[in-house]
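Analysis of the macromolecular model
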Amino acid sequence: QVQLQESDPGPVKPSQTLSLTCSVSGDSVATTDSYWAWIRQPPGKGLEWVGCIFGGGDTYYNPSLKSRAAISRSTSKNEFTLQLTSVTPEDSAVYYCVTWSFWGQGTQVTVSS
């Protein structure tokens, strides 16, 4: 079965770039028709889809985050990443990496000076 594990970004300060990595086992990020996404949940709020990358390499983003988000993958490491630039405290959330039927456990991101 597929297992996903988010990295721990450590402290993130306003204006910095958030970098998250999702390690994948049980499937390949390059598999045809595979889907790899980032979803986040700010405290007290609902889930927000951030963006995704498909097995073929095409990426899509939430329009509200498109200018700041970048999703990429490493086929050799079998992982995919999220980079979110110019972060503010509003970007604080639990970030999940997700595929068709499986979610990672989530990682807490706190943006604070």
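Throughout what follows, the structure given in this document is the object of discussion. None of the values given here were measured: they were computed from a predicted structure.

How each quantity is defined
- Residues numbered from 1 in each chain as written.
- Predicted model: local features only at pLDDT ≥ 70, side-chain atom pairs only at ≥ 80, totals over all residues.
- Heavy atoms only, no water.
- Helix = DSSP H or I, 4+ residues; strand = E, 2+ residues; numbered from the N terminus.
- Rg over C-alpha atoms; globule rule 2.2 N^0.38 Å.
- Buried < 20%, exposed > 50% of the residue type's maximum accessible area, 1.4 Å probe, protein only.
- Contact = heavy atoms within 4.5 Å.
- Areas by Shrake-Rupley, 256 points an atom, 1.4 Å probe, with all protein chains shown as cover.
- Lys, Arg positive; Asp, Glu negative; His and termini not counted.
- Charge placed at Lys NZ, Arg CZ, Asp CG, Glu CD.
- Salt bridge = Lys/Arg side-chain N within 4 Å of Asp/Glu carboxyl O.
- Pairing = 2+ DSSP bridges.
- Polar contact = N/O pair within 3.5 Å; in protein donor to acceptor, adjacent residues only side chain to side chain.
- Core = buried A, V, L, I, M, F, W, Y, C linked by side-chain atoms within 4.5 Å.

1. A word on the overall build of the protein chain
The secondary structure content of the protein chain amounts to 0 helices and 9 strands. Counting from the amino terminus, the protein chain carries its helices and strands in the arrangement β-β-β-β-β-β-β-β-β. Its C-alpha radius of gyration of 13 Å places the protein chain within 12% of the 13 Å reference for a compact globule of 113 residues. Seen along its three principal axes, the alpha-carbon backbone of the protein chain occupies a region of about 40 × 25 × 25 Å. In the protein chain, which comprises 113 residues, the proportion classed as buried is 43%. If you take every contact in the protein chain between residues at least 6 apart in sequence, the share linking residues at least 24 apart comes to 51%. A total of about 6000 Å² of accessible surface is found on the protein chain, and carbon and sulfur atoms cover 48% of it. Across the protein chain, the centroid of the 7 positively charged side chains sits 8 Å from that of the 9 negatively charged ones.

2. Focus: the pattern of salt bridges
Applying the stated criterion across every chain, the model contains 3 salt bridges. Look at the salt bridges and you will find they share partners, linking Arg-40, Glu-48, Arg-68 and Asp-91 into a network.

3. Let's talk about the pairing of strand β2 (residues 18-25)
Each regular strand displays side chains that alternate between the two surfaces of the sheet. Going residue by residue along β2, you find Leu-18, Leu-20, Cys-22 and Val-24 tucked away on one face and Ser-19, Thr-21, Ser-23 and Ser-25 left uncovered on the opposite face. Note: strand β1 (residues 3-6) against β2, 4 bridges, orientation antiparallel. Its bridge partner being in β2, Gln-5 is matched across the sheet by Ser-23. The sheet contact formed by β2 and strand β7 (residues 79-84) spans 6 bridges and is antiparallel. When the sheet's bridge partners are listed, Leu-20 is paired in β7 with Leu-82.

4. Points about the environment of Asp-91
Inspection of the secondary structure assignment puts Asp-91 in the loop between β7 and β8 (93-98). Separated by 73 residues in the primary sequence, Asp-91 and Leu-18 place their C-alpha atoms 9.3 Å from one another. Residues in contact with Asp-91, not counting those within four places in the same chain, are Arg-40, Arg-68, Leu-84, Ser-86, Val-109 and Val-111. Within the structure, Asp-91 has its side chain in polar contact with the side chain of Arg-40 (distance 2.9 Å).

5. Focus: the side chain of Glu-79
Along the chain, Glu-79 turns up in strand β7. Among buried Asp, Glu, Lys and Arg side chains, Glu-79 stands out as unpaired, with Lys-77 the closest opposite charge at 4.4 Å. Excluding residues within four positions of it along the chain, Glu-79 makes contact with Thr-21, Cys-22, Ser-23, Val-29, Arg-73 and Ser-74.

6. Describing the nonpolar core
The biggest cluster of nonpolar side chains holds 25 residues, and the ones touching the most others in it are Leu-18, Trp-38, Phe-80, Leu-82 and Tyr-95. Going through the elements one at a time, β2, β3 (35-41), β4 (48-54), β6 (69-74), β7 and β8 are the ones with two or more residues in this core. A per-element tally of this core places β2 first, with 4 residues.

This is a description of form; function is not addressed.
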